[in-house]
Amino acid sequence: MTDMPIYIHFIYSFIATIGFAIFLNGPKSTLLPSGLVGGIGWAVYYFIMTITSNEIMANFLAAILVSLASEILARKLKQPAIVFVIPGIILLVPGLGMYNTMLYLVQNDYTQAIAKGADVLFVGGAISMGVLIITALFKTMHIISIKKESTKL
């Protein structure tokens, strides 16, 4: 990690997330909220990494926060949550780890490739689980609220 202050990390990740949202054809009204989600997600990831150096936990907690913020913004702005989730988690994806895994395979360094590949899989699984848990929780809460409303009628 770099020695930049956390607010600089937030600013750069905010801009990068907006760039990804534009690239993914996100609605114009969602660009700034998407940037906010991505910036907060990366800032949380960076903060946890500086404290614990546990990449899996940092990605998991950052993905939970990105997904939670996305679900809340989706309801407030009347947009699908995916509009905020995808640009928000793209910064967390371990692209360098994937590249290094393939590099080690090409160089016939299978021990390093397996080690790095396993790390990448665990990080990807942590990101996926973070998004899945919050999405399932919100969907369950929505179903429960619909059932409560239907029993009142």
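Conventions adopted
Think of each chain on its own: its residues are numbered from 1, step by step along the sequence as written. The model is predicted, so local features are restricted to residues of pLDDT at least 70 and side-chain atom pairs to those at 80 or more, both for listing and for counting; the totals for chains, interfaces and linings are taken over all residues. With hydrogens and water excluded, all non-hydrogen atoms of the structure serve as input to the side-chain values. Centres within 6.5 Å are what make two rings of Phe, Tyr or Trp a pair, Trp counting through its six-membered ring; a difference in plane orientation under 30 degrees is then read as stacked, over 60 as edge-to-face, and the rest as tilted. Each helix corresponds to a stretch of at least 4 residues labelled H or I by DSSP, and each strand to a stretch of at least 2 residues labelled E; elements are numbered beginning at the N terminus. Buried means the residue's accessible area, taken with a 1.4 Å probe over protein chains only, is under 20% of the maximum for its type, while exposed means over 50%, and partly exposed covers the values in between. Throughout, the protein atoms alone are placed on a 1 Å grid, and a set of points is a cavity if a 1.4 Å probe fits but cannot get out or a pocket if it is open with protein on both sides within 12 Å along at least five of seven lines; lining residues have an atom within 4 Å of a point. Grid points are joined across faces, edges and corners, and a volume is the space filled by probe spheres set on the points. Take the residue count of a helix, subtract one, and multiply by 1.5 Å to get its expected span. Throughout, a residue-residue contact means that at least one pair of heavy atoms, one from each residue, lies within 4.5 Å. Nonpolar side chains (Val, Leu, Ile, Met, Phe, Trp, Tyr) are joined into patches within 5 Å and like charges within 9 Å, using only residues with over 30% relative accessible area and no salt bridge. Throughout, the Shrake-Rupley method with a 1.4 Å probe supplies accessible areas, and for residues the shown protein chains are the sole cover considered. Salt bridges, as used here, are contacts in which a Lys or Arg side-chain nitrogen is within 4 Å of a carboxyl oxygen on Asp or Glu. The set of buried Ala, Val, Leu, Ile, Met, Phe, Trp, Tyr and Cys residues whose side-chain atoms join them within 4.5 Å is what this entry labels a nonpolar core. Fitting a line to C-alpha atoms yields each axis, with helices limited to the stretch in contact; the angle taken between N-to-C directions then spans 0 to 180 degrees. Throughout, the term roughly parallel applies to angles under 35 degrees, roughly antiparallel to angles over 145, roughly perpendicular to angles from 65 to 115, and oblique to all others. Crossings are classed by handedness, with left-handed meaning an anticlockwise turn of the near helix from the far one by less than a right angle and right-handed meaning a clockwise turn. All amino acids are sorted into three groups, where Ala, Val, Leu, Ile, Met, Phe, Trp, Tyr, Cys and Pro are nonpolar, Asp, Glu, Lys and Arg are charged, and the leftover types, Gly among them, are polar.

Thoughts on the packing of aromatic side chains
Taken as a whole and assessed by the stated rule, the structure comprises 2 aromatic pairs. Pairing Trp-42 with Tyr-45 gives two aromatic rings, centres 4.8 Å apart and planes at 40°, and the pair type is tilted. One end of the pair, Trp-42, and the other, Tyr-45, are both in helix H2 (residues 31–52), 3 residues apart, so they sit about a helical turn from each other. This pair shows no difference in class: Trp-42 is buried, exactly as Tyr-45 is.

Overview of the layout of surface pockets
Its volume calculated, the largest pocket comes out at about 350 Å³. Together, 16 residues line the largest pocket, and Glu-55, Pro-94, Gly-95, Leu-96 and Gly-97 are the ones closest to its centre. Those elements that provide at least two residues to the lining of the largest pocket are H2, helix H3 (55–77), helix H5 (95–106) and helix H6 (110–152). As for the second largest pocket, its lining consists of Glu-71, Arg-75, Ala-81, Ile-82, Val-85, Val-131, Thr-135, Lys-139, His-142 and Ile-143. At the level of secondary structure, the elements contributing two or more residues to the lining of the second largest pocket comprise H3, helix H4 (82–89) and H6. Residue contributions to the lining of the second largest pocket peak at 5 residues, all from H6.

Some thoughts on H5
For H5, with 12 residues, the first-to-last C-alpha span of 17 Å sits near the 16 Å given by 1.5 Å per residue. Taken together, the buried residues of H5 touch H6.

Brief notes about a nonpolar patch on the surface
Nonpolar side chains collect at one region of the surface, where Ile-6, Tyr-7, Ile-11, Tyr-12, Ile-15, Phe-47 and Ile-51 lie side by side and expose about 750 Å² of accessible area between them. Secondary structure elements with two or more residues in the nonpolar patch: helix H1 (6–23) and H2. The element that contributes the greatest number of residues to the nonpolar patch is H1, accounting for 5 residues. Looking at the secondary structure, you find Ile-51 in helix H2.

What about the nonpolar core?
Core analysis: the largest hydrophobic core is formed by 17 residues, its most contacted members being Trp-42, Tyr-45, Ile-89, Leu-92 and Ile-127. Secondary structure elements with two or more residues in this core: H2, H3, H4 and H6. No other element matches H2, which puts 6 residues into this core.

A word on the packing of H2 against H3
Taken N-terminus to C-terminus, the directions of H2 and H3 make an angle of 160°; their axes are 8 Å apart at the nearest point. Classified by the angle between their axes, H2 and H3 sit roughly antiparallel to one another. Between H2 and H3 lies a crossing whose hand is right-handed. Residues Pro-33, Val-37, Ile-40, Gly-41, Val-44, Tyr-45, Ile-48, Met-49 and Thr-52 of H2 form the contact with H3, whose participating residues are Glu-55, Met-57, Ala-58, Asn-59, Leu-61, Ala-62, Leu-65, Val-66, Ala-69, Ser-70, Leu-73 and Leu-77. Looking at side-chain class alone, the contact of H2 with H3 contains 16 nonpolar, 4 polar and 1 charged residues.

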